[in-house]
Structures are given as structure tokens and as C-alpha cells.
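# Survey of secondary and tertiary structure
Each chain, written out:
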Amino acid sequence: MAGKLKNGWKGRDVISSLDFTRESFELLFSASKEFADGDRARSDLLRGKVVATAFFEPSTRTRLSFSSAAAKLGASVIDLSTEVSSLAKGESFSDTLAMLDSYSDIIVLRHPSEGAALYASEICRHPVVNAGDGSQHHPTQAMLDLFTVLRLKGRVDGLNYLFVGDLRYSRTVSSLLFALTRYKPGRVTLTSPPALGLKPETKSILERYGMSVREEQDIERSVGSADVIYVTRLQKERIPDQAEYQKLKGSYRLTEGLLEATKADCIVMHPLPRTDELPTSLDASPKAAYMKQAGLGVPVRMALLSLILGVA
Ligand code: CP
């Protein structure tokens, strides 16, 4: 909306990872590192600020890590609690947003419909952060994913990335791929059942930004050269035909045997929640990075809130 700054972080909406430059990501990761290292683990940077969370879809990590980040910075959190709000009495989405806008300094929104966060940003005076909408955008997940790669591998450039699973309906995959267009990754390989391949429109966006991806259906041929394996669950809630879901259920899985075939310093990431594609028997492996990844959501979101609210 008018008045929000186009450069830097202060006052910005966060709608898509494509909206950010490498320099913006680097600034975010530098602030995230300070919070992750404990240099600024707890502070009153956001004392007096109010963060509104409005989740129209279930969430554990995104909702709670934003709340935790806000609490660690001294901000208050108000949560829409969609089931007990006046939405149940028929109040419109836009009137609901107007209330959130008048009661808070920043709005963190998750919604099943693609474009919901962009719409909210157009009608709200305060910054809107897309906490996941539709099947393409979950930008703050991409930010914490990149930060995880930086923390565990020391760099984002030059690494071979292997994406495994439901690449069609997973917004974490497309958001991370979009963010990677700002870097110079090594080989990017996509492995999925044919029905769950990357959407043509997502491929077109990647092509437009000069990122080439390789599709390889046989995971055994691609695990050996990967530095980062990013697994994602079958997105049951976004597959339009539940008969199709039943057919695809259990169609891919990262097994112990596959993990053994990976490089010694390969890391396995997953945005979580997981179902059966990532067995718990892998959790003890030093390659299993997904729990650490989820934990890094707090310092990244602390940095994000601080930068947008103009205090970092
Ligand atoms: N990774 C992620 O978005 O998890 P939640 O759905 O639990 O927020």
C-alpha cells in the first residue's frame, strides 16, 4: 500500500519470497544470527508493539514461532482464534482485517486461498506477513530454510539441492525455489511421483529468473550428489480429488537405505509436519536437520519482526 517503503525492511509487507533481493535476505540473516547466537536472545525491542496472528488454516510451527518471537522481543500477541471470532456470525474477511489493522502494529496471516495475503496488504495500513497462502507462497518458511542451510552448511551458493515429494501442492517448496533464484545454487533436482511434479507456472517463474531444474523420478539416482535434501509431505488438504490422494499416499519415502547412500555431510530438511515420508528412525542421524530447522524459525521471525517494525 502507499506509504510502505519499497526498499529495506521497515514497514514492508512479506507476501512472496520473490519480493526480496539477496541483500534483503543477507540483512535478515545477519540479524537472525544475532538472535540465534544469543547475543540478543531476549530483549525489549518490541515493547509496546502488538502482533496480530490470524490463522485460517491449522499451524503449529509458524503460529507458535511467531508468537514466541514476539514474546521474546517484549511485544504482545493478539490471536484472531477464527472459530470463536465473529467470522462465525458471518463477518466478512475484509471487516475482520480492518479490525486486526486497527488493533495491532503488524498482521501475520495464514489462509487457504492464494492471494489472500496480497489482498490483506492492499487494504491494511500496517504490514502484513504471509504465513502461508494457497499452494505457492510461504515466504517466512523459505527464509528460515535458507538460514538453516547457511547455519549448517556455511553457504547457500554452489550446493546441490534435491527436492523430494509433493512438489505440486507444497508452498514451502515453491517458496524456497523462488528464494534460491536470488543465489547461485549448484544442481537443483526435483524428484516426485509424476502427478506431483512442480506446476508449469512455477517452472515458468524459475525459468524467468534463470534457474534451471532437473527432474529425476528415480530418487536412487539423485540422492548421492545432494548436499541438501528437502522432503515434503503429501499435501492432503490441497489435493482436489481424495481418490487421487489415496492412490498417492505412501508413494515416496526417505528410507534408511537412501540416507546411507547420501554424502557424509548431506543434510535432510523438512518443513514439517511430516507423515510417513520421513520415518522417525532417521531422527538420530547427524544428517537429520529438520528439528533444528523448525527451531530456527524463532530467531528468523524475531529478526523479521524487528526489521519490519523498524527497531533492529
Ligand atoms: N512448516 C509449517 O508451515 O508448519 P505449520 O503448518 O505447523 O506452521
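Residues numbered from 1 in each chain as written. Predicted model: local features only at pLDDT ≥ 70, side-chain atom pairs only at ≥ 80, totals over all residues. Heavy atoms only, no water.

## Structural notes on the packing of helix 1 (residues 22-36) against helix 12 (residues 297-308)
When two helices pack together, their arrangement is given by the angle between their axes and by how far apart the axes lie. We apply this condition: Inter-axis angles, ranging from 0 to 180 degrees, are taken between N-to-C directions of lines fitted to C-alpha atoms, where helices are fitted over the stretch in contact. By definition, any uninterrupted DSSP run of H or I lasting at least four residues is a helix, any uninterrupted run of E lasting at least two residues is a strand, and each is numbered from the N terminus. Should an angle fall under 35 degrees it is taken as roughly parallel, and over 145 as roughly antiparallel, whereas 65 to 115 is taken as roughly perpendicular and any remaining angle as oblique. In this scheme the handedness of a crossing depends on how the near helix is turned from the far one: anticlockwise by less than a right angle means left-handed, clockwise means right-handed. Residue contacts follow a heavy-atom distance rule, with two residues in contact if any of their heavy atoms lie within 4.5 Å. Under this grouping Gly is polar, as are all residues other than the nonpolar Ala, Val, Leu, Ile, Met, Phe, Trp, Tyr, Cys and Pro and the charged Asp, Glu, Lys and Arg.
For the pair helix 1 and helix 12, the least separation of the axes is 8 Å and the interaxial angle reads 120 degrees. It follows from the interaxial angle that helix 1 and helix 12 lie oblique. As for the relative orientation of helix 1 and helix 12, their crossing is right-handed in sense. Contact residues: helix 1 offers Leu27, Leu28, Ala31, Ser32, Phe35 and Ala36, while helix 12 offers Pro299, Val300, Met302, Ala303, Leu304, Ser306 and Leu307. Across the contact of helix 1 with helix 12, the residue classes tally to eleven nonpolar, two polar and no charged.

## Observations regarding the sheet that holds strand 4 (residues 128-133)
Rules: Criterion used throughout: strands pair if DSSP finds at least two bridges between them.
Spatial ordering of the open sheet is given by 2-1-3-4, a layout of four strands whose pairing is parallel. Every interior strand has two partners, whereas the edge strands, strand 2 (76-79) and strand 4, have only one. Averaged over all pairs of adjacent strands, the angle between strand axes in this sheet comes to 15 degrees, irrespective of strand direction. Summarising the sheet, strand 3 (residues 106-111) and strand 4 pair through four bridges and their orientation is parallel. Residue pairing for strand 4: Val108 is matched across the bridge by Val129. Docked against the sheet, helix 2 (residues 61-72) engages strand 1 (50-55), strand 2, strand 3 and strand 4, running at close to 175 degrees with respect to strand 1. Relative to the sheet, helix 3 (residues 93-103) contacts strand 1, strand 2 and strand 3, its axis offset from that of strand 3 by approximately 150 degrees.

## With respect to the site of the ligand
Convention followed: When we say a residue is near a molecule or strand, we mean one of its heavy atoms is within 4 Å of it. Within 3.5 Å is the distance limit for a polar contact, defined as a pair of N or O atoms, with the added protein rule that one can donate a hydrogen and the other accept it, and that residues adjacent in sequence qualify only through two side-chain atoms. Computed with a 1.4 Å probe, the accessible areas rest on the Shrake-Rupley method; for each residue, only the protein chains presented here act as cover.
The full set of residues close to the ligand is Ser59, Thr60, Arg61, Thr62, Arg110, His138, Gln141, Pro271 and Leu272. In the model, a nitrogen atom of the ligand is placed 2.9 Å from a nitrogen or oxygen of the Pro271 main chain. For the ligand, the protein covers 91% of the area, taking 250 Å² as the surface of the free molecule. Along the lines of polarity and charge, the residues of the shell around the ligand split into two nonpolar, five polar and two charged.

## What about the sheet that holds strand 6 (residues 188-191)?
Pairing within the open sheet is parallel, and its five strands lie in the order 7-6-5-8-9. Both outer strands of the open sheet, strand 7 (214-215) and strand 9 (267-269), are each paired with one neighbouring strand and no more. Sheet analysis places strand 5 (residues 161-165) next to strand 6, joined by four bridges and oriented parallel. Following the sheet pairing, Tyr161 is matched in strand 6 by Val188. With respect to the sheet, helix 5 (residues 139-153) is in contact with strand 5, strand 8 (228-232) and strand 9, its orientation differing from that of strand 9 by roughly 165 degrees.

## Details of the pairing of strand 2
Applicable threshold: Handedness is read with the strands pointing away from the viewer; a crossover is right-handed when the path from the first strand over the helix to the second is clockwise.
Taken together, the four bridges between strand 1 and strand 2 define a ladder with parallel strand orientation. Each residue of the ladder has a partner; that of Thr53, found in strand 2, is Asp79. A crossover connection joins strand 1 to the parallel strand 2 through helix 2; in handedness this β-α-β unit is right-handed.

## A short note on the domain arrangement of the chain
Keep this limit in mind: Start and end positions for the domains come from either an automated domain assignment or a database one. As used here, buried area is the combined drop in accessible area, with a 1.4 Å probe, of two parts when they are placed together. Any carboxyl oxygen of Asp or Glu that lies within 4 Å of a side-chain nitrogen of Lys or Arg is treated as forming a salt bridge with it.
For the chain, the assigned domains are domain 1 (17-137 + 296-308) and domain 2 (139-295). The gap between the C-alpha centroids of domain 1 and domain 2 is 24 Å. Counting from both sides, the interface comprises 34 residues of domain 1 and, opposite them, 37 residues of domain 2. For the pair domain 1 and domain 2, the summed buried area comes to about 2,900 Å², and 58% of that belongs to carbon and sulfur atoms. Sorting the residues of domain 1 by area buried against domain 2 places Leu18, Gln136 and Leu296 first, and these three jointly supply 26% of that buried surface. For the interface between domain 1 and domain 2, the tally reads four salt bridges. In this structure, the salt-bridge partner of Arg238 is Glu57, at a minimum N-O distance of 3.9 Å. Our enumeration of links across domain 1 and domain 2 arrives at 18 residue pairs in polar contact (both at pLDDT 80 or more). Secondary structure elements with two or more residues in the side of domain 1 that touches domain 2: helix 1, helix 2, strand 3, strand 4 and helix 12. Top contributing element to the side of domain 1 that touches domain 2 by residue count: helix 1, with eight residues.

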